[in-house]
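Below are the chains, spelled out letter by letter.
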Amino acid sequence: MDKNKALEVVKSLQEAVEQMRIDDLEESPESALETFQCYCCGQEKEKAGSMVYQEYLLCNDCVLIAETSMALGKISNIEELINSMEDKRLETECNLLIEEQKNQNNEKN
Ligand SMILES: [Zn+2]
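Residues numbered from 1 in each chain as written. Predicted model: local features only at pLDDT ≥ 70, side-chain atom pairs only at ≥ 80, totals over all residues. Heavy atoms only, no water.

Two elements in contact, helix α1 (residues 3-27) and helix α2 (residues 60-71), have axes whose closest approach is 10 Å; the angle formed by their N-to-C orientations is 150°. Judged by the twist between their axes, the crossing of α1 over α2 is right-handed. Across the interface between the two elements, Val9, Val10, Leu13, Gln14, Val17, Glu18, Met20 and Arg21 from α1 touch Asn60, Val63, Leu64, Glu67, Thr68 and Ala71 from α2. Across the contact of α1 with α2, the residue classes tally to 8 nonpolar, 3 polar and 3 charged. (Axes fitted to C-alpha atoms, helices over the stretch in contact; angles between N-to-C directions. Helix = DSSP H or I, 4+ residues; strand = E, 2+ residues; numbered from the N terminus. Left-handed = near helix turned anticlockwise from the far one by under 90°. Contact = heavy atoms within 4.5 Å. Nonpolar A, V, L, I, M, F, W, Y, C, P; charged D, E, K, R; others polar.)

Here is the structure:
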């Protein structure tokens, strides 16, 4: 696939994935307030625009990454993406724990 074609694919996926988020918000406006920990990036993300792949719930940002990587043939299934995001996920999880630890220390003082 040449670059221009790839960019076109990315653009249409971007629109589709953003539309999913908009649809979710229209259907249930409260989903903007609900958050969950994304299985892929490990970050706390809003529920709107999230999607389940196999048994994994992915945030809107990761859905776009997943769809793009699959469309461009970079991955063949969602597990490959999750594995490739593992380093980042670990980092995020550690940072969350470190932050929490800091907060607890602050509360004690
Ligand atoms: Zn994510």
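A few words on the coordination of the zinc ion. Protein-derived coordination of the zinc ion comes from Cys38 (SG), Cys41 (SG), Cys59 (SG) and Cys62 (SG), at a distance range of 2.3 Å. The site at the zinc ion holds 4 donor atoms, and with the angles between them running 106 to 117°, its shape is tetrahedral. As a motif over one chain, the donors of the zinc ion read C-x2-C-x17-C-x2-C. Summarising the burial analysis for this pair, Cys59 and Cys62 share the class buried. (Donors = N, O, S within 2.8 Å, 3.2 Å for Na, K, Ca; no water. Tetrahedral: all angles 85-135°; square planar, octahedral: opposite > 155°, others 65-115°. Buried < 20%, exposed > 50% of the residue type's maximum accessible area, 1.4 Å probe, protein only.)

Time to look at the nonpolar core. Formed by 17 residues in total, the largest nonpolar core has its most connected members in Cys38, Cys40, Leu58, Cys62, Ile78 and Leu81. Contributions of two or more residues to this core are made by β4 (56-58), α2 and α3 (78-84). (Core = buried A, V, L, I, M, F, W, Y, C linked by side-chain atoms within 4.5 Å.)

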